[in-house]
Amino acid sequence: MANLQSDFVGIKSPNPFWLASAPPTDKEYNVRRAFEAGWGGVVWKTLGAEGPPVVNVNGPRYGAIHGADRRLLGLNNIELITDRPLEVNLEEMARVKRDYPDHAVIASVMVPCEEDEWKRILPMIAETGCDGFELNFGCPHGMAERGMGSAVGQVPEYIEMVARWCKEATDLPVIVKLTPNITNILHPAEAALRGGADAVSLINTINSITTVNLDAMSPEPMIDGKGTHGGYCGPAVKPIALNMVAEIARNPETARLPISGIGGITTWRDAAEFMALGAGNVQVCTAAMTYGFKIVQEMISGLSQWMDEKGYESTADFVGMATPNVTDWQYLNLNHITKAEINQDDCISCGRCYAACEDTSHQAIAMSEDRVFTVKDDECVACNLCVNVCPVEGCITMRTLEPGDMDERTDTPVVADYGNWTQHPNNPMAKAAE
Amino acid sequence: MSNTPFSEGIQSGRLKPAELAENFGDLHPRLDDHEALVAADRCYFCHDAPCMTACPTDIDIPLFIRQISTGTPEAAAKTIFSQNILGGMCARVCPTETLCEEVCVREVAEGKPVEIGRLQRFATDVLVETGEHPFERAEATGKKIAVVGAGPAGLSAAHRLAGYGHDVTVYDARAKAGGLNEFGIAAYKSVDRFAEREVEWLLKIGGITVETGKALGDGLSLEALQGEFDAVFLGIGLGGVNALGVDGEDKGGVDDAVDFIADLRQAKELGTLPIGRDVVVIGGGMTAVDAAVQAKLLGALNVSLVYRRGKDRMNASEFEQDLAASKGVRIITNASPKAVIGNGSVREIEFGYTDDNLNPTGQTVRLPADQVFKAIGQTLEGAGLPDLERGKIAVDGTGRTSVEGIWAGGDCATGGDDLTVTAVAEGRDAAEDINAQLSA
């Protein structure tokens, strides 16, 4: 049986599944339920400075997009950091940590961008016995307007500065949470590293408007006839998050910077994908908000089963294994030639591959009068669209041509050698082949 | 003392009003909004969809389901009605399991098709209930067309012709329009006067006059109609009922299933309808099943449906056979009636067993029966009709008969199965041809 025990920058937890700093981790009550359900750790809902807490709106806080059967694909929120007094949160954190010493309790923090503020609050929070800090430089709404959250996360110099203050203020691990609302994720990641951060976590939520109320002519969630952009999360953001994780993991400057992966993780497989791309552990929010805390049991069983099947004994065995295979487009092998292939036994004759290919792609699928669909190898560019629109998983696959096989589309035989764009004759910048 | 299922003979009031109300409630209640969305989400929006091809009226099924899933059932209904103006009734009575749903790719893949019929019912009900009619009449052409028969074929033709701006007069022998929709379908398939409401809604197109109590040979003659109108469409159905041709057929208690079904549909109080204790229905089609099931639902103790060939040869779909079985109807196959036995009224009926080629095996069986319903097919009635073929009015693909200026469609004409949806398609297509000819 695989060992899911996790050690992320020295923070130990029974498994690599943490709840992200968000509504599910706002209170002792919720966190106790989470630990009882099996979560390995929590990042407590972001704490603010002492004094009167922030206030939230008193109307809807969430907007959503749905897929078939109202499956929630994306959620956005306009909730702020914790709206409960700091001392209440600290008391609760201390009690929880005392009762769950083996579970990870991380404090998410967001205070104004002043050295005193950060240096005063971190030791105060550390007294709870928490295992580390996560600096919330990510929240895209509300707090950013006050010069916090993503307003910091979008300025690498600020990230570096605050990270340094924090490292000076505590011996506990400091994780910098990154906003995706930037043009290049490497700049804030490198800044965090320069500031001495022990790790980065990403992604925070994405600026978004999920829906427009066409009667009221207002974005939703709508508060008294108006709406604002909120932070987008859930399964829909996973591809964006995976790419940003991979960019940091494969960048030589940041390759050794530990990553806590966040963004639409819903199943064990999502978690394994983040970890394969270099995340040391993962954080989950929307899936728990959609289905409740129990989902972690599927994540644990699924990851264990897969690790057993693959022979991985600990999560460290596969973290980052996919990173070396993330490359730039120009290095992809242009001599690797595939063709779509439709398994006639699995085909249910819906014709979606045909419509997609005929209307929007390369006219590479033939349809017979009795609804048999076949690939025209001489037209197929192997774009994979048919695979993706087919409702039957595994019905259409990509067959790799062997060296020597004829590519009927180009009338040239497949060559065995690797050849990429940098060497291609059509590339004016091509380096002459040796 | 009131009657029970055990009371001998043909009696009314075998069941309590509450039981009857439950028995004759909607067979498939309309999907609610949530159910409709869930069902619609299952549609794959197939290219050149097999369901469309299977639909005799070529409804654009993927499009209307997508319109439901995007919250516009009214638009979905218009998609349906533009091909099939009786889409509401067809959603209730179509044997979808042998038409659109049989070829649904999810039926092929999972044995569980998209619920096309129920989705169609949902969309059409939403629109019909608004009371609004989604089509407008074109400018009046001054052309006059007679439609004989206010059943599915006639109503479909009339609506299409009226839409083109022609003035249509629809004649029907009965006191009410609707044809088989009104008189020939099991009550639990069309509750709450749906057939009547559908006709009222259909007529909102304008330009259609309905004259009831008039039939060919009974106040109407084809020649006179041809003289008075620019075109004539015949959708007169099959008025005659086939006889068993056995001894004792004239005994009391031996009735036509179609009359029983019609009486039941028109009854104000189901408790007043008499039904036997031991009922035998002879036949293997939809009419036989409708009669057998409803006899059971009225409180008959024993209902047998007897068919002369094997189960797989029955015209009633598997769904209908299962429905009958689930209601407690005993289906007996490979038995052909030989004699009706009784003193004045039927007491027993004797059947001879037959193989699938209808050869008698020599064995016989007698079933107790105080009521027998004949449902072994209907025949075309009337003299002076255009040329017939296999007992029906011969038509070409556009509904033209052997007589210039006379079209025909529905059960009375050749071509297609005897289904409501086929009749609608034939009426519509004949109307298109009539319009094309009148506009030429």
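Residues numbered from 1 in each chain as written. Chains lettered and ligands numbered in written order. Predicted model: local features only at pLDDT ≥ 70, side-chain atom pairs only at ≥ 80, totals over all residues.

What about the overall build of chain B?
The number of helices and strands found in chain B is 17 helices and 19 strands. Compactness check: chain B gives a C-alpha radius of gyration of 22 Å against a globular reference of 22 Å for 440 residues, within 12% of the reference. Each of the three principal axes of chain B carries a C-alpha extent, and together these read 65 × 55 × 45 Å. Considering chain B as a whole, with its 440 residues, one finds that 48% of them fall into the buried category. Restricting to contacts in chain B with at least 6 residues of sequence separation, those with at least 24 account for 70%. (Helix = DSSP H or I, 4+ residues; strand = E, 2+ residues; numbered from the N terminus. Rg over C-alpha atoms; globule rule 2.2 N^0.38 Å. Buried ≥ 20, exposed ≤ 12 C-beta atoms within 10 Å, placed from the backbone. Contact = placed C-beta atoms within 7 Å.)

A word on the interface of chain B and chain A
At the junction of the two partners, chain B supplies 10 residues and chain A supplies 12 residues. Partitioned by chemical class, the residues of the side of chain B that touches chain A number seven nonpolar, one polar and two charged. (Nonpolar A, V, L, I, M, F, W, Y, C, P; charged D, E, K, R; others polar.)

Quick notes on the environment of B:Ser317
Residues and elements named next belong to chain B. Structurally, Ser-317 can be placed in the loop between strand 10 (302–306) and helix 16 (318–326). Note on Ser-317: 18 C-beta atoms within 10 Å, which makes it partly exposed. In this structure, the C-alpha to C-alpha distance between Ser-317 and Gly-284, residues 33 residues apart in sequence, is 9.6 Å. Look past the residues within four positions of Ser-317 in its chain and what remains in contact with it is Pro-95, Glu-97 and Thr-98.

Re the sheet that holds strand 11 (residues 330–332) of chain B
Residues and elements named next belong to chain B. Across the sheet, which stays open at both edges, the five strands sit in the order 8-15-9-10-11 with parallel pairing between neighbours. Lying at the two open borders of the sheet, with one neighbouring strand each, are strand 8 (254–256) and strand 11. In this sheet, neighbouring strand axes are inclined to one another by 25° on average, regardless of whether the strands run parallel or antiparallel. Relative to strand 15 (residues 371–374), strand 9 (residues 278–282) is paired through four bridges, and the arrangement is parallel. (Pairing = 2+ DSSP bridges. Axes fitted to C-alpha atoms, helices over the stretch in contact; angles between N-to-C directions.)

With respect to the domain arrangement of chain B
A common way to express how large an interface is: the accessible area buried when the components associate. Residues and elements named next belong to chain B. Domain assignment breaks chain B into domain 1 (17–21 + 242–377), domain 2 (33–130) and domain 3 (144–239 + 380–439). One C-alpha centre belongs to domain 1, the other to domain 3, and the line joining them spans 30 Å. Contact residues are listed per partner, giving eight residues for domain 1 and six residues for domain 3. Elements that contribute at least two residues to the side of domain 1 that touches domain 3 include exactly helix 14 (257–266) and helix 15 (286–298). Broken down by element, the residue count for the side of domain 1 that touches domain 3 peaks at five residues, all from helix 14. Each residue belonging to the side of domain 1 that touches domain 3 can be placed in one class, and the counts come to five nonpolar, one polar and two charged. (Domains from an automatic or database assignment.)

Observations concerning the packing of helix 3 (residues 115–126) of chain A against helix 5 (residues 156–169) of chain A
Residues and elements named next belong to chain A. At their nearest, the axes of helix 3 and helix 5 sit 9 Å apart, and the two run at 40° to each other. In the crossing of helix 3 with helix 5, the sense of the turn from one axis to the other is right-handed. Each of Glu-115, Trp-118, Lys-119, Leu-122 and Pro-123 in helix 3 lies in contact with helix 5, whose residues at this interface are Val-162, Trp-165, Cys-166 and Ala-169. Residue composition of the contact of helix 3 with helix 5, grouped by class: seven nonpolar, no polar and two charged. (Left-handed = near helix turned anticlockwise from the far one by under 90°.)

Re the sheet that holds strand 2 (residues 167–172) of chain B
Residues and elements named next belong to chain B. A sheet is described by the order of its strands in space; here five strands give the open sequence 3-2-1-6-19, paired in parallel fashion. Edge positions in the open sheet fall to strand 3 (208–212) and strand 19 (406–408), since each of these has one partner strand only. Averaged over all pairs of adjacent strands, the angle between strand axes in this sheet comes to 20°, irrespective of strand direction. Judged from the five bridges that link them, strand 2 and strand 3 form a sheet pairing that is parallel. Residue pairing across strands places Tyr-171 opposite Glu-211, the latter belonging to strand 3.

Considering the domain arrangement of chain A
Segmenting chain A into domains produces domain 1 (6–325) and domain 2 (329–423). Relative to domain 2 of chain A, the C-alpha centre of domain 1 of chain A lies at a distance of 40 Å.

A word on the pairing of strand 6 (residues 72–77) of chain A
All names here are of chain A. Inspection of the sheet shows strand 5 (residues 62–66) paired to strand 6 by five bridges, in the antiparallel sense. Within strand 6, the residue paired with Tyr-62 across the bridge is Asn-77. Where strand 5 folds back onto strand 6 in an antiparallel hairpin, the turn is made up of five residues, including Asp-69, whose phi is positive at roughly 60°. The pairing of strand 6 with strand 14 (residues 230–233) spans three bridges and is classified as antiparallel. Pairing of Asn-76 across the sheet is with Tyr-232, part of strand 14.

Some words on helix 2 (residues 33–41) of chain B
Buried within helix 2 of chain B are the following residues: B:Ala36, B:Ala39 and B:Ala40. Here the buried residues of helix 2 of chain B occupy an arc of 100° about the axis, which is enough to place them on one side. (Arc of directions from axis to C-beta.)

Observations concerning the packing of helix 14 of chain B against helix 15 of chain B
For any two helices packed against each other, one specifies the crossing angle of their axes together with the interaxial distance. Residue and element names in this part refer to chain B. It is the contact of helix 14 with helix 15, at a shortest axis distance of 9 Å, that shows an interaxial angle of 55°. Taken as axis vectors, helix 14 and helix 15 run oblique relative to one another. Along this stretch, helix 14 crosses helix 15, giving a crossing that reads as left-handed. Two secondary-structure elements touch here, helix 14 through Ala-257, Val-258, Phe-260, Ile-261 and Leu-264 and helix 15 through Thr-287, Ala-288, Asp-290, Ala-291 and Gln-294. (Parallel < 35°, antiparallel > 145°, perpendicular 65-115°, else oblique.)

Description of the environment of B:Ala291
All names here are of chain B. With respect to the helices and strands, the residue Ala-291 is situated in helix 15. On the basis of neighbour count, Ala-291 is assigned to the buried category, with 29 C-beta atoms found within 10 Å. Residues Ala-291 and Val-303, spaced 12 residues apart in sequence, show a C-alpha to C-alpha distance of 9.8 Å. Beyond its immediate stretch of four places on either side in the chain, Ala-291 contacts Ala-257, Phe-260, Ile-261, Val-281, Phe-373 and Ala-375.

Here we look at the environment of B:Gly239
Its place among the elements puts B:Gly239 in the loop between strand 6 (231–234) and strand 7 (240–241). In this structure, the C-alpha to C-alpha distance between B:Gly239 and B:Glu107, residues 132 residues apart in sequence, is 37 Å.

So, the pairing of strand 9 of chain B
Residue and element names in this part refer to chain B. The buried count for strand 9 comes to five of five residues, which makes it a mostly enclosed element. Judged by which residues are buried, strand 9 turns out to be covered on both faces: Asp-278, Val-280 and Ile-282 on one side and Val-279 and Val-281 on the other are all buried. Bridging between strand 9 and strand 10 involves five bridges; their strand directions are parallel. If you follow Val-279 over to strand 10, its bridge partner there is Val-303. Once you follow strand 9 into helix 15 and on to strand 10, the crossover reads as right-handed. (Right-handed = clockwise from strand over helix to strand, strands pointing away.)

Structural notes on the nonpolar core
Within soluble globular proteins, side chains that are nonpolar generally end up buried alongside one another. Residues B:Phe233, B:Val281, B:Ala291, B:Ala292 and B:Leu305 are the most contacted members of the largest nonpolar core, which totals 152 residues. A per-element tally of this core places helix 15 of chain B first, with nine residues. If near-sequence neighbours (up to four positions away) are discounted, B:Leu305 is found in contact with B:Val281, B:Ala288, B:Val289, B:Ala292, B:Ala324, B:Val329, B:Ile331 and B:Ile332. Listed in part, the 99 residues of the second largest apolar core include A:Trp39, A:Trp118, A:Val176 and A:Ala191. (Core = buried A, V, L, I, M, F, W, Y, C linked by C-beta atoms within 7 Å.)

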